[in-house]
Each structure stands twice: as structure tokens, then as C-alpha cells.
Amino acid sequence: MDYALIWALILAIGVFVYVALDGFDLGVGILFPLLEDEQERDTAIGAIAPVWDGNETWLVLGGGGLLAVFPLAYSVIFPALYVPLIAMLLALVFRGVAFEFRVHAGRHKRFWDHAFFGGSLVAAFAQGISLGAWLQGIEVVGRSYSGAWWDWLTPFSVATGLALVFGYALLGAAWLNLKTEGALNARVNRLIIPLAAATIGFIVAVSLWTPFMNERYAARWFTFPTMIYALPVPLFVAATVFTLWQSLKNDNALRAFLSAELLFLLCYIGIGISVWPHIVPTAITIHDAAGPDKSLGFLLVGAVVLIPLILAYTAAAYWIFRGKVKHGGYHH
Amino acid sequence: MADFSDPVILARIQFAFTVSFHIIFPATSIGLASFLAFVQWRWMQTREEVYLTLFDFWIKPFAVVFGMGVVSGLMLSYEFGTNWSVFADKAGPVIGPLMGYEVMTAFFVEAGFLGVMLFGRDKVGPRLHFFATFMVAAGTLGSAFWILSVNSWMQTPAGYGMNEAGQFIPLSWMEVIFNPSFPYRFVHMVFAAYLTTALVVAATAAYHLRRARQNRTTRKMFSLAMWIIAIVAPLQILAGDQHGLNTYEHQPAKVAALEGHFKTRKAAPEYIFGWPNMETGEIDYAVSIPYLGSWILTHDFNAEVVGLDQFPREDWPNVNILFWSFRIMVGLGLLFFTLGCWGLWKRYRGQLYDSPRLAQFALMLGPTGYIAVLCGWVTTEVGRQPYTIYGLLRTSDSVSPVAAPAVATSLAAIVVVYLFVFGLGTLYTLRLLAKDPPDSPAEQQRGLLDQGGRRAVRIWRLIWPGREV
Ligand code: HDD
Ligand code: HEM
Ligand code: HEM
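Per an unreviewed UniProt entry, chain B carries the name Cytochrome ubiquinol oxidase subunit I and comes from Hoeflea prorocentri. What the UniProt record of chain B gives under Sequence similarities (unreviewed entry) is the line "Belongs to the cytochrome ubiquinol oxidase subunit 1 family."

Looking at an unreviewed UniProt entry, one finds chain A named Cytochrome d ubiquinol oxidase subunit II, with Hoeflea prorocentri as its source organism. Of chain A, the UniProt comment under Subcellular location (unreviewed entry) reads exactly: "Cell membrane". Under the UniProt heading Sequence similarities (unreviewed entry), the note attached to chain A is "Belongs to the cytochrome ubiquinol oxidase subunit 2 family."

Take the coordination of the iron atom of ligand 3 next. Residue and element names in this part refer to chain B. Around the iron atom of ligand 3, the donor atoms from the protein are His188 (NE2) and Met329 (SD), and they sit 2.0 to 2.4 Å away. Around the iron atom of ligand 3, the six donor atoms are arranged such that angles at the metal cover 80 to 180°; this shape is classified as octahedral. Here Met329 lies in helix H10 (residues 319-348) and His188 lies in helix H6 (residues 182-211), a separation of 141 residues in the sequence.

Let's shift gears to the coordination of the iron atom of ligand 1. Ideal geometry at a metal centre: 109.5 degrees between donors when four sit tetrahedrally, and 90 or 180 degrees when six sit octahedrally. Its sole protein donor being Glu381 of chain B (OE), the iron atom of ligand 1 sits 2.5 Å from that atom. Structurally, Glu381 of chain B is set in helix H12 (residues 368-384).

Glancing now at the site of ligand 2. Neighbouring ligand 2 are 24 residues; His22, Ser29, Gly69, Gly73 and Glu110 of chain B lie closest to it. More than one chain lines the surroundings of ligand 2; the residues nearby belong to chains A and B. Taking Ser29 of chain B, its side chain carries an N or O atom lying 2.3 Å from an oxygen atom of ligand 2. Elements with a minimum of two residues in the shell around ligand 2: helix H3 (52-69) of chain A together with helix H1 (7-46), helix H2 (49-83), helix H3 (85-119) and helix H4 (121-155) of chain B. The element that contributes the greatest number of residues to the shell around ligand 2 is H2 of chain B, accounting for eight residues. For the shell around ligand 2, the class distribution of residues is 15 nonpolar, seven polar and two charged.

This part is about the site of ligand 1. All names here are of chain B. Taken together, 19 residues lie around ligand 1, and Arg12, Met154, Glu381, Arg384 and Gln385 are the ones closest in. Taking Gln385, its side chain carries an N or O atom lying 2.6 Å from an oxygen atom of ligand 1. Elements that contribute at least two residues to the shell around ligand 1 include exactly H1, H4 and H12. If one sorts the elements of the shell around ligand 1 by residue count, H1 sits on top with six residues. Per-class residue counts for the shell around ligand 1 are eleven nonpolar, five polar and three charged.

About the thresholds
Residues numbered from 1 in each chain as written. Chains lettered and ligands numbered in written order. Predicted model: local features only at pLDDT ≥ 70, side-chain atom pairs only at ≥ 80, totals over all residues. Heavy atoms only, no water. UniProt positions renumbered as here; feature names shortened; annotations may be inferred. Donors = N, O, S within 2.8 Å, 3.2 Å for Na, K, Ca; no water. Tetrahedral: all angles 85-135°; square planar, octahedral: opposite > 155°, others 65-115°. Helix = DSSP H or I, 4+ residues; strand = E, 2+ residues; numbered from the N terminus. Near = heavy atom within 4 Å. Polar contact = N/O pair within 3.5 Å; in protein donor to acceptor, adjacent residues only side chain to side chain. Nonpolar A, V, L, I, M, F, W, Y, C, P; charged D, E, K, R; others polar.

The structure is reproduced here in C-alpha cells:
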């Protein structure tokens, strides 16, 4: 059995679940300054408070999983992305504590609102930069990173950073549209179309840019036969945008949210098509990076049993907190 | 002194700083999660209002502390890659899967049920809500299980081989997970978390007792915490002793350093105080008890004990730090034991809530559990130096190829952010603890532990009649 391949798939799914879930709650943070008053902010936080910790845990799975099954990739990618990763982690510190702190902070409450916004924004931007810096390629000599510590900063990585900020904001708006009512709902509803437009603008820009980063990518997209897999992706993107627009017109908030998520999935698949079979573009392949079968097999046993279980109780938690959030959110 | 242009030193400071902050939060959340599950279980059994009041009081600080634990832990799991990439590449195949299991069996369990525990009581009914609390508590213990297995493997590696790429590879997972020091470290750390939390709970109750001695919620809080201290403190001393004997077997240089034994000798003394001098190999200003050193390590007054002279100088850990961190931990452990005994005595006299001196003592010891925990970890980790994987991989060979300025900048940013964020977090937590707990109805005051206490007193009377209770 090819453990490396199976694990690449599991990790890819894990990272996507992270993006899909934490994406919308980071997005809520990014939209924070656009909310009217304290009560609206409490409601918005209430729409994510019971689930954010679970969402973020997929990020731990991504990091930990990489260490466990592709230790070489982990030890090359992380030093290469040193600065954006540390920035992301510090931003997540501010944002993560803000959930509880703002409730108990008394006079400092406004400060933690700002911290929640700033943390979400910086975390999203840093993740986008990391994505771009990874996609543009990482220099490797032997078994370690050989570039400089600011190689991650390029116009391309800044573009992917902005793309993710707008993309997450779109997810956040679509989520709040689903979970809230009244004036707040009307406001986020109006934001969805402009945010979607901006996101798609960035998707187009980054997509056109990527093939020029590296001739391998260009070959994927513009030569036969791999073109056959690649070409439908832009078509699906167009169809999804249309569905999003339709669902908004018909007031189908759930479908609008899912269309926005689908947009992310399609971009994700597109990136996968570009970089395959590398895990460190374009230096190290999945098979080169994989740990010994004994490690991959041992963890696979657990993953096969536990990940479905995790998905089940995560779904149950979302179900328990289904429906619109009451004004002012939850309390304990 | 430290050389701040050396990325190894900087990375070590950064790791020590972040992990020391982190451990403070898990030590609290492991203990509080179990405590909350316990009071909720008691409430399900007895329906006494007081347990619910206690639950509502402690869930708020728990939520704050838990949040801080999550974000500080996230930092750690990425730091292995950013700062210790060579270590990660080499040890990943062995420790990675263990951390993978930690995520899947512990972090997801905690996170998945935390929302229901914190916000779901009105939505799911008492049984399911208790189940959520229970699962969160189980998750914290599971997390301790796996991460301590990882740490213990780095201290006492077992069940591994090497491949051509220079990586450690697993040969037997049972031997990797249950490596020689793991059972001791796990028990010692869980007791440490329970003890630390009980000290905080007792101090909180003591603070409120001094203001309103008749408040029944406060009394219950104090009583429960004092029971935990009385039970766990002696067990912890026992566990620590066994842990030390195990370490003497597997890491004799560490024990030689923390005992201050420079020379191998028979009938070694036990140094109580002193200042180890690494130049001369003597303990300056020593206050010692003859023969006791040999007895503690071998349970024989005349046996020979291994000294640092058996090891090459470059393999010595820092003796001064170890000697003192160990003594502070043990000294505090003895103080906790004293508090436990004093509490039992006052309880026996029926004056548990009426002794201002006892309350004062409990209040003073409140934060010291954290000091003991940190000193314990410093003993363990500094004692492992100069290796990250004991005897196999040196710390200086583990570090990432990241330039010193990057590490220095990130270190500075981390220090500023941590002091600010976790400083304010501590302030908010203390504010929550200072809020007066609401009183509970009187008629329902008879709890399991009170009954247990009375039974214990009755048995005691058989042994020593004529004592008033
Ligand atoms: C998973 C493994 C692991 C775990 C659970 C811990 N450590 Fe550790 N520790 C390391 C893995 C490690 C390390 C990565 O291996 C370091 C970094 C540099 C080194 O030598 O070891 C280290 C270094 C290190 C140092 C610096 C020692 C020196 O440079 O002389 C201190 C003071 C601590 N740690 C303290 C702690 C504390 C307070 C912990 C409680 C949570 C802790 N460690 C848990
Ligand atoms: C280097 C060592 C460590 C690493 C890499 C690490 C990693 C992590 C991570 C990533 C989280 C956040 C999980 C989430 O998102 O829910 C976390 C939380 C936690 N960690 Fe650690 N940890 C370390 C040391 C320890 C130790 C020594 C213990 C206990 C003995 C411990 C117990 C916990 C617990 C109980 C939590 C849950 C959150 C909380 O209690 O606040 N960790 N840790
Ligand atoms: C009073 C008697 C105690 C003794 C004899 C004792 C002994 C030890 C020893 C020998 C170690 C180092 C083990 C190694 O590195 O291999 C250790 C570590 C540790 N101790 Fe203690 N200890 C005592 C009390 C305490 C108390 C009261 C606490 C906290 C409340 C505590 C918390 C810790 C922690 C957190 C560690 C690091 C983790 C570990 O290795 O288990 N200890 N202890």
C-alpha cells in the first residue's frame, strides 16, 4: 500500500477543513469594524464562540500531521516561512484570548474588540503569504532550507495574502448572513457581493500569475494531456459564482454559504493540480518527504477510526448550536 | 553568559520561555476540568445547590485559562519546525505520530466538547452537559498522556532504530510510548496539576472565608480543596521519590547534578543547602546530613553513589540550576504536605473554617504550585542538557538553519506579546476569583466528603478516645 499517497490525501483534506472552518470565523473577525455597536459584536462573536476552538484544532492537525508523516517537508517549510508563521501564531494569540477576555475585561472591552479584528486580519494575511511563498518555490540544499529569511516576501505572496483576507471575509459574511437576523443580517448580506467580486478578482489574478512562477506549473495548465484535468476548474468556478448570486437573490443563506466554500474548494484543487507531486515546490516530492512506513501505518490506523469520529461529533456540536444566534450571543 | 548572536542560545531561550508560559495553563486546566467534572457529578448525585454554584463560579476562570492554554500550545507545536527543524526531521518519525495521536484523541475531544460545556447547558440537558464536561476533563488527561510520552522518550529513548537518512525510526511502538521514564513522569505531572489547582481553589476560598466566614459555598470550596491537598500532597512526594530513583537508573548524571554529588563515593551526605562550585567540584557553604544521600538513592546508608566525575565535563548539565530548582520543588512539596496535615487537624478539631492562620497559610501558598511545577520542569529539561534526545542528539545539532536576527526578533516579539496578553489574562482571572461566590441554601449541606470526614473522625476516636470534635 502506498502510505505516502494516502497521507497526502488525508492531510490535504485536513488542511482544507481548516481553511473552510477557521476561514469563516477569521472572516467574522475581519468584518468586526463594520459592525455597528457592542450588541452586534456580541452577537457576531456568539455566532462562532462555541465552535472556533474546534475549527482551529485542524491547524494543529495540519502542523502535527506534517511532522508525523512528512518530517522532511515540515523541517524545510517551517524555517522557510519563519516570519509569516510566527506572525500568524502571535496574531492567533491575540485573537484566541479575545473571545473570553472581552467578556471579563470591563473597561478594556473595546481594546479586545480591536485585538480580535487585528489578530484575525494578520492571521489571515500571514496564512495567505505563507501559501504564496510556498507556491512560488522553496530553496533546498541537502535536507534543509537554504534560502534567506526574507525570501517569503514577494509581490506574488502579498497578492495571495490579500486574496485570502478577502476570501475569508467573504466566508465570514456568508456565515453571519446564515446565523444572524435583523439589521446585522441586512448589513452583512449587502457585503457578500462586493466581497465575492474582490475575491474573484484576486483568484483570477493569482491564477494567471501562477503559471509564470514556474515552467512546471505552466506545463500543467497549458499542455496536453494534463490540461484536461485543469481546464474544467475555471468553468466550475464560473458556475459556482452564478450559484452564489442566485442563492442570495432567493434568500437561501445556507446555499450562499456553501457556494462560497465551494469556491475555496475549487481554488484548492487548482493549486493541487499545479504542485502535484511536490510537497515542497519544486524541490521535494511527497514520496521523498515521507517518513518510514511504520510511522505512517501506525498513525493511519488511528486516523481512519478517529477522523470520521471527530467529524461526527464536530457535526453534532454544530447541530446543537444550529439556528440563528440570539442578540448578544451566548453566556456561561 | 549567554551569547545573543548564537541562534542555538536564542532558540533555547525562546523555547524555554514559551513552554514555561504554556505549562502554567495546562496545569490549571487539567486540574480544573477534573474538579468541574467532580462537582457536577456530585450535583447529579445529590442535587445539592452548592455544587451547581461551585460549578458556575469555576467555569468562568476555567474558560479564560483554557483559551490561554490553547493559543500558547499552538505556538509550541509550530516551534518544533521553525526553531528545531533538524530535530524535527530526525525525530519526527518517532515523536510525530505520538503528537498526531494527541491531536486526534485529546485536542479534538477537548475542543469538540468545550463549546457544549461552556455554552450548552440550556440546550442539551444535564446528562449530556455532564458528559461534555467529563469529555473535556478526559481530553486534558489524554493530552498530558501523549505529550509526556513524547517528552519522556526524549529523556529515556527506547524502541527505536536509525535509517540511512540519519532519522530515528520506530521499531516497537509499545517501547516508544511506554519508555522507561514515562509512567513516573505522567503520574508526577498529573498529581502536580491536581495539587496546583487545589492550592488555587483553597487560596480563593481562604480569601473569601476571611471576608464572609458563614458563606456555605465558600466553606464547601475550602473543604473540597483541603481534602485534595491532604490526599495528593503525600502521594506526590511518594511519586517524586520513585521518579528520582528511576532517573538515577537512566540519567545518573542528572541526579548527580541535582544532588550536588561531584565525586563518586560511599556513604554520601544529603546536601540541604549550599552553592555548587563547578570549577572546584565542591559544594561551598554546604549544610548537609551525613549518609542520607546514599540512603535516598539506594535505601542503604553506606552504598556508593555515582558522581559527576564519571562523566566527561562537556556532558555535564548546569549543576547550580539543577541543585536549586530541585530543592525549591521539594521544599514546596513539603510545605504542601504541611498544609494538608494542618487542614486535617483543624477539620478533626471541627475548626476548619475558623482558623485565620490556616486561611492565611493557604492563601500564601496559592500561587506556589506553579513555582513547583516550573522548578520541576527546569530540573527535568536542564538536566537533559546538553542533549535534546538524551545521549543521542545534541541540542547544538538540533537547531534550524535560521539566522540569528530572525530568531532574536521573534523572541523579542514573543516576550512582549506574552507578558502583555497573559499578564492581562491573569489580572482578569484574579478579578473573577475575587468576586464573592453566592451563598447556598443551608438545609442541603450534607455532602459525601463531610460524611466521610465524620466517619474518619469516628474511627480516630476508637484509636484515641476522649477527643472533642
Ligand atoms: C515535547 C517535548 C517537550 C516538552 C513536553 C517540554 N520540553 Fe522543554 N524542551 C524541549 C522539549 C520539551 C526541547 C525542544 O527539546 C528543548 C529545546 C531546546 C532543548 O534543549 O530542549 C527544551 C528546552 C527547555 C528548556 C531550556 C533548557 C536549556 O536550554 O538549558 C527549559 C527551561 C524547558 N525546556 C522547560 C520546559 C517546561 C517548563 C516544560 C513544561 C511544559 C517543558 N520544557 C516541556
Ligand atoms: C513541548 C511541549 C508541548 C507542546 C508542543 C504542546 C502543544 C499544545 C497545543 C498545540 C495545544 C493547543 C491544542 C488546541 O488547539 O486545543 C496545547 C494545549 C494543551 N496542552 Fe500542551 N503542549 C506541550 C506541553 C504540554 C505539557 C507538558 C502538558 C501537560 C502535562 C500539556 C497539556 C496540554 C493541555 C491539557 C492542553 C489543552 C489546553 C489547555 O489546557 O489550556 N502540554 N498543547
Ligand atoms: C517533595 C517531593 C518531590 C520529589 C522528591 C520530586 C522529585 C522529582 C524529580 C526527581 C523530578 C525530575 C525527574 C526527571 O527529570 O527525570 C521531578 C520533576 C517534576 N516535578 Fe517533582 N518532586 C517532588 C515534588 C513536586 C511537587 C510538589 C510538584 C508540583 C506541584 C512537582 C512537579 C514536578 C514537575 C512538573 C516535574 C517535571 C515533570 C516530570 O519529570 O515529571 N514535584 N520531580
